[in-house]
Amino acid sequence: TLRALIFDVDGTLAETEELHRRAFNDTFAVEGLAWDWDRDGYRELLKTTGGKERMLAFAAREGIDFSTEEAARLHKIKTARYATLVDRGGLELRPGIAELIDKARAHGLKLAVATTTSPQNVDQLCHSCWGRAATEVFDTIAAGDQVAQKKPAPDVYQLALQQLGLPAEDTIAFEDTANGVRSARAAGIRVVVTPSMYSGAEDFTGADWILPTLARANWTADLASLLPAA
Ligand code: XBP
């Protein structure tokens with residue numbers, strides 16, 4: 001029986017990665033680092049999930065001496081900058097998300113988050129897009145540093161299942177990236193993918209459904225019959 005939907009945040013609920021990229025670049029600029037991540041470079045960098053991990057992977061690739069302490073320090077500045085950018089408004093839920101969440105609630109399904117980003121960022125997005133705190137939109141939130149290994153490891157989805165108190169079979173995950181699909185599948189969870197701005201060309205092998213958009217004619221019927229072909 002389907003009892004809960006588990007959502008990825010960045011790229012799935014909203015196209016947030018351009019704001020993350022700007023927050024990184026603004027941070028590098030105020031810190032006097034000559035790092036500037038353009039879109040093509042960022043697409044590659046996104047294969048490393050987690051902002052701290054992404055900066056460390058970039059530095060390692062470029063042969064730059066950069067410590068985990070420095071990554072953590074810069075990441076705090078980046079998170080504050082991201083909050084300011086989200087606060088300015090303009091971030092929108094992807095098509096179909098608001099309706100899906102409403103219909104799922106109306107059906108008595110639980111709603112959860114399994115994300116690589118921080119709880120603060122999830123809350124910021126919920127305030128900006130729903131005008132409500134994350135804990136009012138979602139029943140449980142499994143996030144970034146609460147687990148040992150970020151996506152594509154299954155850890156964050158396993159934590160979400162624990163928080164929900166449900167077996168994997170009773171849930172469906174919503175993702176936008178290959179790393180997200182691998183993470184959900186590794187936790188035994190069926191997964192719907194809606195490719196996003198940065199992930200469109202990725203290989204979604206393992207996904208149970210690939211949908212170009214979550215804007216559906218009838219979410220109520222889809223949930224009842226577990227998403228047959230459009
Ligand atoms: C999103 C990420 C995050 C964001 C930046 O992955 O990889 O790292 O790009 O967020 P997912 P932080 O959509 O799988 O959650 O800087 O807060 O890590």
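Please refer to the structure higher up on the page.
Thresholds, definitions, all that
Residues numbered from 1 in each chain as written. Predicted model: local features only at pLDDT ≥ 70, side-chain atom pairs only at ≥ 80, totals over all residues. Heavy atoms only, no water. 1 Å grid on protein atoms, 1.4 Å probe; cavity = no way out; pocket = protein on both sides within 12 Å on 5 of 7 lines; lining within 4 Å. Points joined across faces, edges and corners; volume = space filled by probe spheres on them. Nonpolar A, V, L, I, M, F, W, Y, C, P; charged D, E, K, R; others polar. Domains from an automatic or database assignment. Near = heavy atom within 4 Å. Polar contact = N/O pair within 3.5 Å; in protein donor to acceptor, adjacent residues only side chain to side chain. Sits in = over half its atoms within 2 Å of the grid points. Helix = DSSP H or I, 4+ residues; strand = E, 2+ residues; numbered from the N terminus. Buried < 20%, exposed > 50% of the residue type's maximum accessible area, 1.4 Å probe, protein only. Pairing = 2+ DSSP bridges.

A. Representation of the layout of surface pockets. There is about 600 Å³ of room inside the largest pocket. What lines the largest pocket is a set of 41 residues, and nearest its centre among them are Asp10, Gly50, Arg54, Thr116 and Thr117. The residue inventory of the lining of the largest pocket, partitioned by class, reads seven nonpolar, 19 polar and 15 charged. Two domains each put at least three residues into the lining of the largest pocket: domain 1 (4-14 + 92-224) and domain 2 (17-87).

B. Representation of the site of the ligand in the model. Residues in close proximity to the ligand total 18 residues, the closest being Gly51, Arg54, His75, Lys78 and Thr117. Thr116 places a polar main-chain atom, nitrogen or oxygen, 2.8 Å from an oxygen atom of the ligand. Within the side chain of Lys151, a nitrogen or oxygen atom sits 3.3 Å from an oxygen atom of the ligand. More than half of the atoms belonging to the ligand lie within 2 Å of the grid points that define the largest pocket. When contributions to the shell around the ligand are tallied by element, the ones reaching two or more residues are α1 (17-30), α3 (51-62) and α4 (68-87). Ranked by residue count, the leading element in the shell around the ligand is α1, at three residues. When grouped by side-chain class, the residues that make up the shell around the ligand number two nonpolar, 10 polar and six charged.

C. Broad picture of the pairing of strand β1 (residues 4-7). Residues Ala4 and Ile6 point to one face of β1 and Leu5 and Phe7 to the other, with burial holding for every one of them. As paired strands, β1 and strand β2 (residues 110-114) are joined by four bridges and run parallel to one another. In the sheet register, Ile6 faces β2, and the bridge partner there is Ala112. The pairing of β1 with strand β4 (residues 171-175) spans four bridges and is classified as parallel. Directly across from Phe7, in β4, lies its bridge partner Phe174.

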